[in-house]
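An overview of the molecular structure
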Amino acid sequence: MTIDKKYIDHFVNVSSKAALASSYLVGKKDKNGADQAAVDSMRSELNKIDMIGKVVIGEGKLDEAPMLYTGELLGNKNGPEFDIAVDPVEGTNFVANNLPGAIAVIAMAEKGNLFNAPETYMDKIATGKVEKGLIDLDYTLKKNIYNLAEFMNKDISSITACILSRPRHKKIIDELKELKVNLKLITDGDVLGALFVSDPKYNVDIFLGIGGGPEGVLAASALDAYDCHFQGRFIFDNDKDISDAKSMGINDLNKKYELNEIVKGDSIFCATGITRSEVLSGVDIKENNYTTETLVTHKNSKFKKIVKRTNPIKK
C-alpha cells in the first residue's frame, strides 16, 4: 500500500507550524515552554487532517516533557489509519540557549507499520547504503570501521564518525581516536545526527552509540527512504524497563532490530529546522511571514528533499 502523496503537504505543515511555535522561545531559557508550544501546535494541526492517527511514539518520559502521549488518537477520524511518531522539539536545550541543531520531527506509516519503541535507550549504528552483513552491532568497532573503509575505498583516517558526546561513550571515542577516525561530536539531537549519513555532502560516514530508542525509530523512518543501513538494540537495564517491554510484546530483550523491522511499508518523515543546522535553516520570521526548511521523505514515491516554504503568520 502507498500513502497518498497529499499527506506529504499535510505533515510538512504540521512540522513547520510546530517549528514556528517553538521558535518564539529561542534563547528564552525555557526548554519546557519551547517543547509545550510545539506539542500544542502539532496536536492542533494533526487534528485537522483526514485520518485516524495513533501516536505510537510520543513525548519521551526520559525528559518528563509535556505529552503528546503514546496511544493518543489524532485526526478528524475520517480517513485511513496511521501510526504516528513525534519528537515535537529535538534539542530543547538548543532552543532554550539559541544554539544550532533544534528540529521539529514527525513520522508516519500505515497502521501497524511503525515500531512502538519503549521509553528506553537504544544502541544504534547507521551508515549510507552498504552491502548486507558489512556493518553490524555485533561486530567490534574496529571491524566495522575497517569494513566501511574498505567498502568505501577510503583510508581509515578519512572516515568520519558522528557520536553523542557523553561519558558513556568515552571508551568508543577513545578507540575511534586510536584508529585515527575523524570525530564529529554532538551534544544532543541523535535524529539529526543519524541523518548526517544520508548524504555524502554532510561528510559523516557512520553514526553510532547509545541514544533514545524513540529517536532511533524516527531516524530509521527517514534513513529507510535513502536506502541507508540502520540497526538498533534496546537497552533494558532495570526492572521497570523490562516489564514495560514485556507488556509491549517485546520478549527477546537482546534482539537486534534491522531497519525493515522498525519501519515497514510506506512512510513519510518530516523534520523542520527551528534553529539552523548543517542540514536545515532555522525558522526565519520577516514581518508577517515565516520561512521554514523541512527535510521530507516519502518512501514509495522516492521523494526526498529539503522543502523551503514561506507562509503568512496567522494571528
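Check the entry above for the structure.
In this report, the structure presented in the accompanying data block is examined. (Residues numbered from 1 in each chain as written. Predicted model: local features only at pLDDT ≥ 70, side-chain atom pairs only at ≥ 80, totals over all residues. Heavy atoms only, no water.)

Some remarks on the packing of helix α4 (residues 141-152) against helix α5 (residues 170-178)
Filter applied, for reference: Here, axes are lines fitted to C-alpha atoms. For helices the fit covers the stretch in contact, and angles between N-to-C directions go from 0 to 180 degrees. Strands here mean DSSP runs of E at least two residues long; helices mean DSSP runs of H or I at least four residues long; both are numbered from the N terminus. These descriptions rest on fixed angle ranges, namely under 35 degrees for roughly parallel, over 145 for roughly antiparallel, 65 to 115 for roughly perpendicular, and the rest for oblique. Take the far helix as the reference: if the near one is turned anticlockwise from it by less than a right angle, the crossing is left-handed, and if turned clockwise, right-handed. Residue contacts follow a heavy-atom distance rule, with two residues in contact if any of their heavy atoms lie within 4.5 Å. Three categories are distinguished: nonpolar for Ala, Val, Leu, Ile, Met, Phe, Trp, Tyr, Cys and Pro, charged for Asp, Glu, Lys and Arg, and polar for the others, with Gly belonging to the last.
Between α4 and α5, the least distance of the axes is 10 Å, while the angle of their chain directions is 45 degrees. By the angle between their directions, the pair α4 and α5 is classed as oblique. Both α4 and α5 take part in a crossing whose hand is right-handed. For the pair formed by α4 and α5, the contact residues are Leu141, Lys142 and Ile145 on the first element and Ile172, Glu175 and Leu176 on the second. Here the contact of α4 with α5 is composed, by residue class, of four nonpolar, no polar and two charged.

Some thoughts on the pattern of salt bridges
How we decide: Only one rule defines a salt bridge in this text: a Lys or Arg side-chain nitrogen within 4 Å of an Asp or Glu carboxyl oxygen. The buried label goes to any residue with under 20% of its type's maximum accessible area, the exposed label to any with over 50%, and the partly exposed label to all in between, with areas taken from a 1.4 Å probe on protein chains only.
Per the stated rule, a full pass over the model turns up 17 salt bridges. For the salt bridge of Asp138 with Arg233, the shortest nitrogen-to-oxygen distance reads 2.8 Å. On the criterion of sequence distance, the pair formed by Asp138 in the loop between β5 (121-127) and α4 and Arg233 in strand β9 (residues 229-235) is long-range, its members being 95 residues apart. Across the pair Asp174 and Lys170 runs a salt bridge whose closest N-O atoms are separated by 2.7 Å. Here Asp174 pairs with Lys170, and both are found in helix α5, just four residues apart, close to one helical turn. What makes Asp174 partly exposed here is its relative accessible area of 30%.

Observations regarding helix α7 (residues 213-225)
The buried fraction of α7 is high, at 13 of 13 residues. Looking one or two places after α7, you find Asp227, whose phi comes out positive at around 60 degrees.

Some thoughts on the nonpolar core
The criterion, for reference: Think of a nonpolar core as a cluster: buried Ala, Val, Leu, Ile, Met, Phe, Trp, Tyr and Cys residues, connected wherever their side-chain atoms sit within 4.5 Å.
Core analysis: the biggest nonpolar cluster contains 47 residues, and Phe115, Leu195, Leu223, Phe230, Ile262 and Phe269 have the highest contact counts within it. Look past the residues within four positions of Phe115 in its chain and what remains in contact with it is Val56, Ile57, Val217, Phe234, Ile250, Tyr257, Glu261 and Ile262. Counting 37 residues, the second largest nonpolar core, distinct from the first, contains Ile8, Ile49, Leu68 and Ala102.

Things to note about the packing of helix α1 (residues 6-23) against helix α2 (residues 31-46)
α2 packs onto α1 with a crossing angle of 150 degrees between their chain directions and a minimal axis gap of 8 Å. Relative to α2, the element α1 is oriented roughly antiparallel. In this structure, α1 meets α2 at a crossing whose hand is right-handed. Residue-level contacts link Phe11, Asn13, Val14, Lys17, Ala18, Ala21 and Ser22 of α1 to Ala34, Ala37, Ala38, Ser41, Met42, Glu45 and Leu46 of α2. Looking at side-chain class alone, the contact of α1 with α2 contains nine nonpolar, three polar and two charged residues.

Observations regarding the environment of Ala161
Position of Ala161 among the secondary structure elements: in strand β6 (residues 160-164). Classification of Ala161 by relative accessible area gives buried; the value is 0%. For the pair formed by Ala161 and Lys184, sequence separation is 23 residues and the distance between their alpha carbons is 6.0 Å. The residues touching Ala161, leaving out its near neighbours within four places in the chain, are Leu176, Val181, Asn182, Leu183, Lys184, Ile206 and Leu208.

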